[in-house]
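Remarks on the overall topology
Residues per chain, in single letters:
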Amino acid sequence: MAATAPIRRHHHITLCTGSAQEDYDFHTQVLSLKSVKKTALYDGDVPIYHLYFGNDLGEESTLVTTFPMRQSGRKARRGTGQVRWLSLSVPSSAIGFWRKRLTEHGLAVRESSRFGERALQFQHPCGLDYELVGIADDDRKPYSNGEVPSELAIRGTHAIVVSVREHETSNEFMTVGWSAQRVAEDGRFVRYVFGDGAGPHSGQSGKIVDFALEPELPQASWTYGEGIVHHCAFQVDDYTAQDQVKFRLEGLGYTDCSERKDRGYFDSIYVRTPAGALFEATVSKPGGMTVDEKVDQLGTSFQIPPPFRHRTKELMEYLEPLNY
Ligand SMILES: [Fe+2]
């Protein structure tokens, strides 16, 4: 049977952060991403904000989304068996600008390099590891608020880095289940590329999963708790492609692949990978982020999630204040 490659690119990466205001200011002011949606987590009976940041339209692979957890009091443990850090793409020529900008905002910045790519490493105020990677051939259209000109702005996700105790268990999952190609090794890192990122004429940003061998670290939390990446979502074209991913995973033995869940702006299935990280394969709804707000009003008002519609007053009174 011919193998097909339904996983296209990252769709969004979702983090459990600290206070809502601190998180909002970090993403919209320091990183100058656009706030494209303010809603709440669809799961559970205690409301938790769900904030979306990205480009003008909140397009796939530009989205970083957060659950600010400080109000809940729930903390998580960082470690291995989880996505451990997030790489975002900036133009190669913008590295100097970003080093200065991040430092001026009081962040400790460290330069590093992986797979020949130059990166600036720093942390979200809640301790999560971030990276800006200088990429020459990324043609995704960034948001610009005027303070960071578009020619220097963040383009979207570049890679996620999954921390593992061993590489071997992830290989079949990635190459068969996630239709990726193992393309390179660099020290303790192994790189997989999926979608058309492995082709000769396409940039790889937004289509990379790196695995970092870190057997010395403790097992990270999988729950919602401050200070960890919760999951990474990947775009598939339609329900047929999504069903194909689920069927293939179940054929490999991942019978815990979830049913399809309606997330308002996309429909998702979830699977716990052998590395421990939670992956999501998602289909954007027609209209994407504009299903409940006009393009020029994206992110300007709070959207009550459907599971909480009968508790709107309670939800709004409970959630911590957020100025925007
Ligand atoms: Fe998600």
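See the structure above.
Read on for a plain summary of the structure. (Residues numbered from 1 in each chain as written. Predicted model: local features only at pLDDT ≥ 70, side-chain atom pairs only at ≥ 80, totals over all residues. Heavy atoms only, no water.)

**Some details on the sheet that holds strand E3 (residues 49-54)**
What holds strands together in a sheet is hydrogen bonding between their backbones, with the strands either parallel or antiparallel. Cut-off, in case you're wondering: Being paired, for any two strands, means DSSP has found at least two bridges between them. Only DSSP runs of H or I reaching four residues or more are called helices, and only runs of E reaching two or more are called strands; each is numbered from the N terminus. For this analysis, residues touch if any pair of their heavy atoms sits within 4.5 Å. Comment: axis = line fitted to C-alpha atoms, over the contacting stretch for helices; angle = value between 0 and 180 degrees taken between N-to-C directions.
Judged by pairing direction, the sheet is mixed, and its eight strands sit side by side in the order E2-E3-E4-E1-E13-E16-E15-E14 without closing on themselves. Of all the strands in the sheet, just strand E2 (34-40) and strand E14 (261-262) have a single pairing partner and so form its edges. The sheet contacts of helix H1 (residues 20-30) involve strand E1 (9-17), E2, E3 and strand E4 (63-68), and relative to E3 the element is tilted by about 5°.

**Quick word on the coordination of the iron ion**
Each angle at a metal carrying four tetrahedral donors should ideally be 109.5 degrees, and each at a metal carrying six octahedral donors should ideally be 90 or 180 degrees. So the rule is basically this: With water excluded from the atoms, a metal site may look incomplete; its donors are any N, O or S atoms within 2.8 Å, or within 3.2 Å for Na, K and Ca. Note on classification: 1.4 Å probe, protein chains only; a residue is buried when its accessible area is under 20% of the maximum for its type, exposed when over 50%, partly exposed between these limits.
Protein-derived coordination of the iron ion comes from His12 (NE2), His231 (NE2) and Glu280 (OE), at a distance range of 2.0 to 2.1 Å. One chain supplies every donor to the iron ion, and in sequence these donors are spaced H-x218-H-x48-E. Here His231, found in strand E13 (residues 228-235), pairs with Glu280, found in strand E16 (residues 278-284); they are 49 residues apart in sequence, far enough to count as distant. Classification of His231 by relative accessible area gives buried; the value is 5%. On the basis of relative accessibility, which here comes to 0%, the residue Glu280 falls in the buried class.

**Describing the pattern of salt bridges**
The test is simple: Each salt bridge in this description consists of a side-chain nitrogen of Lys or Arg and a carboxyl oxygen of Asp or Glu lying within 4 Å of one another.
Under the counting rule described, the total for this entry stands at 29 salt bridges. With a closest N to O distance of 2.8 Å, Glu293 and Lys37 form a salt bridge. Placement of the pair is Glu293 in the loop between E16 and helix H5 (312-318) and Lys37 in strand E2, with a sequence separation of 256 residues. Note that Lys313 is salt-bridged to Glu317, the shortest N-O span being 2.9 Å. Separated by four residues within a single helix, Lys313 and Glu317 lie in helix H5, roughly one turn from each other. One network of salt bridges, in which partners are shared, links Arg114, Glu117, Glu131, Arg191 and Asp210.

**What to know about the nonpolar core**
Spelled out, the test is: We call a set of buried residues a nonpolar core when its members are Ala, Val, Leu, Ile, Met, Phe, Trp, Tyr or Cys and they connect through side-chain atoms within 4.5 Å of each other.
Counting residues in each nonpolar core, the largest one holds 67 residues, and the members touching the most others are Leu31, Trp98, Tyr130, Val162, Trp178 and Phe279. Aside from chain neighbours lying at most four places away, what touches Val162 is Gln82, Val83, Arg84, Val209, Asp210, Phe211, Ala212, Ala275, Ala277 and Phe279.

**Points about the state of the cysteines**
Stated precisely, the cut-off is as follows: Two cysteine sulfurs form a disulfide in these notes if their separation is within 2.5 Å.
Per the stated rule, a full pass over the model turns up zero disulfides. Left without a disulfide partner, Cys126 is nearest to the cysteine sulfur of Cys16, which lies 8.8 Å away. According to the relative accessible area criterion, Cys126 is buried, its value standing at 10%.

**Brief notes about unusual backbone geometry**
Backbone geometry at Ser32 places phi at a positive 55°, although glycine is not the residue there. With respect to the secondary-structure elements, Ser32 resides in the loop between H1 and E2. One non-glycine residue, Ser179, lies in positive phi territory at about 45°. Inspection of the secondary structure puts Ser179 in the loop between helix H3 (168-177) and strand E10 (180-186).

**Re H3**
Which entries qualify depends on this criterion: Arc definition: it is the arc formed by the directions from the helix axis to the C-beta atoms.
Restricting attention to buried positions, one finds in H3 the residues Ser170, Phe173, Met174 and Gly177. One face of H3 carries all of its buried residues, which in axial projection span an arc of 110°. Note on H3: the residue one or two positions beyond its end, Ser179, has a positive phi of about 45°.

**A few points about the sheet that holds strand E6 (residues 110-114)**
Ordered by their spatial adjacency, eight strands build an open sheet running E6-E7-E8-E5-E9-E12-E11-E10, and the pairing between neighbours is mixed. Each having just a single partner strand, E6 and E10 make up the two edges of the open sheet. Each strand of the sheet is rotated relative to its neighbour by a mean of 30°, with strand direction disregarded.

These figures come from the coordinates and say nothing about function on their own.
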